[in-house]
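If you want the building blocks of each chain, they are given just below.
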Amino acid sequence: MLSKYLIPDYVFEHYDDVTPAFLASIGVRALLIDIDNTLAPYEQPIPDERHRAWFDALDAAGIRTALISNNHRERVDEFNATLGREAYFHSAKPFGVTFRRVMKGWGLPREQVAVLGDQLLTDALGGKHLGLKVIIVPPIRDKKTAFVRFKRWLERPYMRAFYEKQSKEENK
């Protein structure tokens, strides 16, 4: 039952592998994006040129974006200062309150919205629960705490299931 909510729809190696062309091919016009370990490691306070180029490409393609983070206001505001995106802190992922709020403001149906993140227990669960497409990237640099290691251990069978499903589809 949990696999319905924890197996991502797509997995990419890096956030910027998620191109406007790919998003258009799956009918996505808006992207809800996690910051920490998805776009940048925790210790990177501001976006770099690679981030700006990716966001510029999304803008040029008409893809709407919002930063959705469980981190504190200062972290989100500092990272977003040069990007100028809609940005939400203390988002309480996986609970969908912030996701729904942003989508309501955009006026887009859930079929046209995707979530991009690095965690199945927050990003994937929150997106899947609302019927959104979920795109996962491996964490850039995980914390080594027991809690984070435990969360990643819990995610393993669902990532394995994703890759097994992909393998079966490729062999058809």
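As shown above, the structure is provided for reference.
Attention in this report is confined to the structure presented alongside it. (Residues numbered from 1 in each chain as written. Predicted model: local features only at pLDDT ≥ 70, side-chain atom pairs only at ≥ 80, totals over all residues. Heavy atoms only, no water.)

Within the protein chain, the regular secondary structure consists of 7 helices and 6 strands. For the protein chain, the α and β elements follow one another from N to C terminus as α-β-α-β-α-β-α-β-α-β-α-β-α. At 15 Å, the protein chain has a C-alpha radius of gyration in line with the 16 Å of a compact globule built from 172 residues. Along the three orthogonal principal directions, the C-alpha set of the protein chain runs to about 45 × 40 × 30 Å. Out of the 172 residues belonging to the protein chain, those deemed buried represent 48%. Of the contacts formed within the protein chain by residues at least 6 apart in sequence, a portion of 67% connects residues at least 24 apart. The centroid of the 26 positive side-chain charges in the protein chain is displaced by 7 Å from the centroid of its 23 negative side-chain charges. (Helix = DSSP H or I, 4+ residues; strand = E, 2+ residues; numbered from the N terminus. Rg over C-alpha atoms; globule rule 2.2 N^0.38 Å. Buried < 20%, exposed > 50% of the residue type's maximum accessible area, 1.4 Å probe, protein only. Contact = heavy atoms within 4.5 Å. Lys, Arg positive; Asp, Glu negative; His and termini not counted. Charge placed at Lys NZ, Arg CZ, Asp CG, Glu CD.)

Moving on, we get to the side chain of R75. Tracing the sequence through the fold places R75 in helix α4 (residues 73-80). Among the polar contacts listed, one links the side chain of R75 to the backbone oxygen of P41, at a separation of 3.3 Å. At 2.6 Å, the side chain of R75 and the backbone oxygen of Q44 are in polar contact. If we ignore the near neighbours within four places in the chain, the residues touching R75 are I35, D36, A40, P41, Y42, Q44 and P45. (Polar contact = N/O pair within 3.5 Å; in protein donor to acceptor, adjacent residues only side chain to side chain.)

The parallel open sheet is built from 6 strands, whose spatial order is β1-β6-β5-β2-β3-β4. The open sheet has two edge strands, β1 (10-11) and β4 (86-88), and neither has a second partner. Alignment of β1 against strand β6 (residues 133-136), held across 2 bridges, turns out to be parallel. Along β6, the bridge assignment pairs Y10 with I135. Sitting on the sheet, helix α6 (residues 120-129) is in contact with β5 (113-117) and β6, with an inclination near 160° to β6. (Pairing = 2+ DSSP bridges. Axes fitted to C-alpha atoms, helices over the stretch in contact; angles between N-to-C directions.)

The next thing to look at is the side chain of K93. Note that K93 resides in the loop between β4 and α5 (97-106). Residue classification places K93 among the buried positions, given a relative accessible area of 7%. A polar contact of 2.9 Å, which involves the side chain of K93, links it to the side chain of D34. A polar contact of 2.7 Å, which involves the side chain of K93, links it to the side chain of D123. With residues near it in sequence (within four places) discarded, K93 still touches D34, I68, S69, N70, F99, T122 and D123.

Moving on: the pairing of strand β3 (residues 64-68). Of all 5 residues in β3, 4 are buried; the element is thus mostly enclosed. Note: strand β2 (residues 30-33) against β3, 4 bridges, orientation parallel. Its bridge partner lying in β3, L31 is registered against T65. Between the parallel pair β2 and β3, the chain is carried across by helix α3 (residues 49-60), and the sense of this crossover is right-handed. With 3 bridges joining them, β3 and β4 adopt parallel strand pairing. Counted as the bridge partner of I68 is Y88 from β4. Since β3 and β4 lie parallel, the crossover through α4 that links them has a hand, and here it is right-handed. (Right-handed = clockwise from strand over helix to strand, strands pointing away.)

Our next topic: the packing of aromatic side chains. Taken as a whole and assessed by the stated rule, the structure comprises 6 aromatic pairs. Arranged with centres 4.9 Å apart and planes meeting at 70°, the rings of F12 and F22 form a pair that is edge-to-face. Of the two residues, F12 is situated in the loop between β1 and α2 (20-25) and F22 in helix α2; the sequence distance between them amounts to 10 residues. Neither residue differs from the other here; F12 and F22 are each classed as buried. On the numbers, 5.1 Å between centres and 80° between planes, the contact of F162 with Y163 is edge-to-face. Under the relative-accessibility criterion, Y163 is labelled partly exposed at 48%. (Phe/Tyr/Trp six-rings, centres within 6.5 Å; stacked < 30°, edge-to-face > 60°.)

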